[in-house]
Amino acid sequence: METGGAASAYGASLAGGQFDFWAFIKQPQTILRLLSWLFAIVVFGTITGEGFVNPIHSFVPKCMFNENGTACQYAVGVGVLGFLACVAFLVIDAYFPHISNANERKHIVIADMAFSGLWAGLWFVCFCVLAHQWSLTPHPEHLPVSAARAAIAFSFFSIFSWGLLVFFALRRFLLGVSNLGQNYEDSAPPMYPSTTPERFQQAPFTINPEPQEESGYEPPAPVF
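What this report covers is the structure whose coordinates are included nearby. (Residues numbered from 1 in each chain as written. Predicted model: local features only at pLDDT ≥ 70, side-chain atom pairs only at ≥ 80, totals over all residues. Heavy atoms only, no water.)

**Here's the deal with unusual backbone geometry**
Then comes step 1: Unlike most non-glycine residues, N66 shows phi in positive territory, near 60°.
Then comes step 2: Note that N66 resides in the loop between β4 (62-63) and α3 (69-95).
Then comes step 3: Residue H139 is not a glycine yet carries a positive backbone phi of 55°.
Then comes step 4: Its place among the elements puts H139 in the loop between α4 (102-135) and α5 (145-183). (Helix = DSSP H or I, 4+ residues; strand = E, 2+ residues; numbered from the N terminus.)

**Points about the environment of F154**
Then comes step 1: Within the secondary structure, F154 is located in helix α5.
Then comes step 2: For F154, a relative accessible area of 23% corresponds to the partly exposed category.
Then comes step 3: Residues F154 and L38, 116 residues apart in the sequence, show an inter-C-alpha distance of 9.1 Å.
Then comes step 4: If near-sequence neighbours (up to four positions away) are discounted, F154 is found in contact with F39, V42 and V43. (Buried < 20%, exposed > 50% of the residue type's maximum accessible area, 1.4 Å probe, protein only. Contact = heavy atoms within 4.5 Å.)

**Topic: the pattern of salt bridges**
Then comes step 1: This structure, assessed with the given rule, holds three salt bridges.
Then comes step 2: When the shortest N-O distance is used, the salt bridge between D112 and R33 registers 2.6 Å. Taken together, the residues D112 in helix α4 and R33 in helix α2 (residues 28-50) connect sequence positions 79 residues apart.
Then comes step 3: Note on R33: relative accessible area 1%, which makes it buried.
Then comes step 4: Through salt bridges with shared partners, one network takes in R33, D93, D112 and R172. (Salt bridge = Lys/Arg side-chain N within 4 Å of Asp/Glu carboxyl O.)

**Topic: the nonpolar core**
As a rule of thumb, soluble globular proteins bury nonpolar side chains together.
Then comes step 1: Counting 31 residues, the largest nonpolar core has I47, F65, W123, L130 and W162 as the members making the most contacts within it.
Then comes step 2: Every element with two or more residues in this core is listed here: α2, α3, α4 and α5.
Then comes step 3: Contacts of W162, omitting those with residues within four sequence positions, involve S36, G82, A85, C86, F115, S116, W119, A120 and W123. (Core = buried A, V, L, I, M, F, W, Y, C linked by side-chain atoms within 4.5 Å.)

Nothing here speaks to function; it is all geometry.
So this is what it looks like as structure tokens:
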């Protein structure tokens, strides 16, 4: 979760804080993931539900996008995988503040940035393919036009939702790099002092030793 002036690493507070559900839901990154999740459902849901129709000359269901089965399969595949990825990253985002290792946080942010960029590109290809195949479809008035337009439109919307996720992941990565050397220390096992006694310990050196008390004994005089 985003923090204000508190110590943080990669856009989230240090490990040990309590999970705030409402603050998590209000985050722009969470909202974008939920939108991307919803857009993916619309795309693969409309195609699997209404995208395959029986043409007049055949009893075998064909893809409504110019009878191009590859176009429908591609859109469904991108939608299903994007849906699963949104769920996975939502779980990771919720657990992210409890990760104490800075390197693990960095790897998660980099993976988020790379995957979001890849999926924004795949959605762009999906939009181009569906729009082009729909323009080539003969007699579209006999097909579920609303379902086809919904799949094309939400493929287009997904480009921007995943693209914005790339932006927020990049901002989190840059924020983590700037804060890492200031107020966050990577969790490492503490260094304990050695319990092995030293082999030699020099006695303290006294410059002016105290004179010993005088006694009644006198050494005998030397004999020559």
